[in-house]
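# Residue-level structure breakdown
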Amino acid sequence: LMNEDIRIHSWPCSYYLDTSKQWVSGRLSLTPVAIKFTADKTGELLVNFHLSSVSEIKKESSNLIFSSLTILERNTKHWFSSLQPNRNVVFNILEHFWREQLLSSQGAGAEAAALESTKGKELTGLLTGSQKRLEDTAKVLHYQGEQFDNIMRGLNKIEGDMDVADRLLTELESPSWWPFSSKLWKAPLESKPKETATVSDSKNQEGIIIRIPVIITHRTDSNVKPGKLTLFASGLEISDCNSQVIHRFESKEVDDIRVHTPYEISVRQRFIGKPDTSYRLLSAKMPEAIPILEMQFSKKIQFLEDALGFVGARKSPQVDLGTSIWQAATGLLGGVVQPSSPVGGREGMDNDQVQLQKQEKVSQEEAEELKQILKKLKGLALETEAELERQDEALDSIATSVDRATLTIDKQNRRIKKLT
């Protein structure tokens, strides 16, 4: 599970302490599930409440002097002022995580639900996540397959054009009394640009892999604004709340992606002689997008120190998708569907051990659900394997066609030189 104590952001500010009727300087902190305030002088934690208990976040003024941020938690109103870098930044980020917490299916009872979760539910969640990742992989592979098909069509077109060029060169090399040499040279070349314009553009037809709400910072600007991040098989797109595109990165344009925390990344394209194009993106849903980014940009993605724990926690239960999940799932299913004697077969098992064994059993309904997910996983794995084999064959064909085209072009160049 994600570490709920991870600090997403913290800001220097002042907090109005009602008991002493004075402003206290300190730091306002946000975790995935809570808001906290720690006093600078004493180090005391003066505020600590769950996001699900918040009913309102507002920008207000206190005593007509301070521009403040208020958070209504149950029946208590908390006042924060002198926020750095500015009130809007803090407001946008807090409101984003608060709204996503409200929309989340986990809600306020997330911790209680996690404690009550059975082994079957845990495994179902793990396999469902794996199924989602396989489906995402299949989308990327499908798009790559379409690109290979386009390349093959382009190469076939080139080969056709070279056949025409061969025929024309033969005509030009024929005796001077042959009447059609000059006419045949021009006609096909004039129609060539029209033919190349028919190459299909699949970009407009490609599907969306995932779209999440984000808080956007451009370069080193202090202001932030809400928007959306959309991941395609061919790249990623950043847009505002009205779905107006702010910037689209094609895969080849992305120079690096840095994962600062499980909730914050930065995407950059470098330029020589002018500023880099860089965006910093923060989202409560970012943990869902990072595995897809890691798959698409494996050589360009970098996990910084605060994100390394997240990587380890995410990868440790399923180091190898093809072995550990399958072994765990099939082994557990085997024990449920066809129960055997207790492991070890000891008669002197104490009550705690018996209770633990009962807790770790999977219900019949969960077993059926797991079998269905496993069936889908197997089908997806076979489809992915078949698509990879097809793409391998396509790459071999492309390499052969390119070699053949290169040789033909070299020969034609030599023939043209002789003619000139």
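The name given to the protein chain in an unreviewed UniProt entry is Synaptosomal-associated protein 47, and the organism recorded there is Leptosomus discolor. According to its UniProt record, the protein chain has this under Sequence similarities (unreviewed entry): "Belongs to the SVAP1 family."

### Looking at the side chain of H78
Mapped onto the fold, H78 is located in strand 7 (residues 76-81). H78 sits in the buried class, given a relative accessible area of 7%. A polar contact of 2.8 Å, which involves the side chain of H78, links it to the side chain of E73.

### Looking at the environment of Q131
Here Q131 is to be found in helix 3 (residues 119-173). Residues Q131 and L374, 243 residues apart in the sequence, show an inter-C-alpha distance of 8.7 Å. Beyond its immediate stretch of four places on either side in the chain, Q131 contacts I373, K376, L377 and L380.

### Details of the packing of aromatic side chains
Counted under the stated rule, the structure contains six aromatic pairs. Aromatic side chains Y15 and F80 sit 5.1 Å apart centroid to centroid with 40° between the ring planes, which places their arrangement in the tilted category. Of this pair, Y15 sits in strand 1 (residues 9-17) while F80 sits in strand 7, and the two are 65 residues apart along the sequence. The pair formed by Y15 and F80 is uniform in burial state, with each residue classed as buried. By the ring-pair criterion, three or more aromatic residues cluster together here, those being Y15, F37 and F80.

### Thoughts on the nonpolar core
Side chains of a nonpolar character, in soluble globular proteins, are inclined to be buried together. Judged by nonpolar contacts, the single largest core of 29 residues is most densely connected at L28, L30 and L94. It is helix 1 (residues 87-103) that contributes the most residues to this core, seven residues altogether. Looking at which domains feed residues into this core, each of domain 1 (9-105) and domain 2 (208-307) supplies at least three. In contact with L28, other than residues within four places in its own chain, are H9, S10, W11, C13, I35, K36, F37, F80, L83, V90 and L94. One finds L236, M286, L293 and F303 within the second-largest nonpolar core, a separate group that totals 28 residues.

### What to know about the sheet that holds strand 12 (residues 256-261)
Spatial ordering of the open sheet is given by 11-10-9-8-14-13-12-15, a layout of eight strands whose pairing is mixed. Every other strand in the sheet has two partners, leaving strand 11 (245-250) and strand 15 (301-303) as the edge strands with one partner each. Sheet twist, expressed as the average angle between the axes of neighbouring strands with direction ignored, equals 30°. Sheet topology note: the strand 8 (residues 208-218)/strand 9 (residues 225-232) ladder contains eight bridges and is antiparallel. From the neighbouring strand, I216 faces strand 9, where its bridge partner is K225.

### A word on the environment of C241
If you trace the backbone, C241 turns up in the loop between strand 10 (235-240) and strand 11. Counting along the chain gives 27 residues from C241 to V214, while the straight-line C-alpha distance between them is 9.5 Å. Setting aside chain neighbours within four positions, we find C241 in contact with P226, G227 and K228.

Cut-offs used in this document
- Residues numbered from 1 in each chain as written.
- Predicted model: local features only at pLDDT ≥ 70, side-chain atom pairs only at ≥ 80, totals over all residues.
- Heavy atoms only, no water.
- UniProt positions renumbered as here; feature names shortened; annotations may be inferred.
- Helix = DSSP H or I, 4+ residues; strand = E, 2+ residues; numbered from the N terminus.
- Buried < 20%, exposed > 50% of the residue type's maximum accessible area, 1.4 Å probe, protein only.
- Polar contact = N/O pair within 3.5 Å; in protein donor to acceptor, adjacent residues only side chain to side chain.
- Contact = heavy atoms within 4.5 Å.
- Phe/Tyr/Trp six-rings, centres within 6.5 Å; stacked < 30°, edge-to-face > 60°.
- Core = buried A, V, L, I, M, F, W, Y, C linked by side-chain atoms within 4.5 Å.
- Domains from an automatic or database assignment.
- Pairing = 2+ DSSP bridges.
- Axes fitted to C-alpha atoms, helices over the stretch in contact; angles between N-to-C directions.

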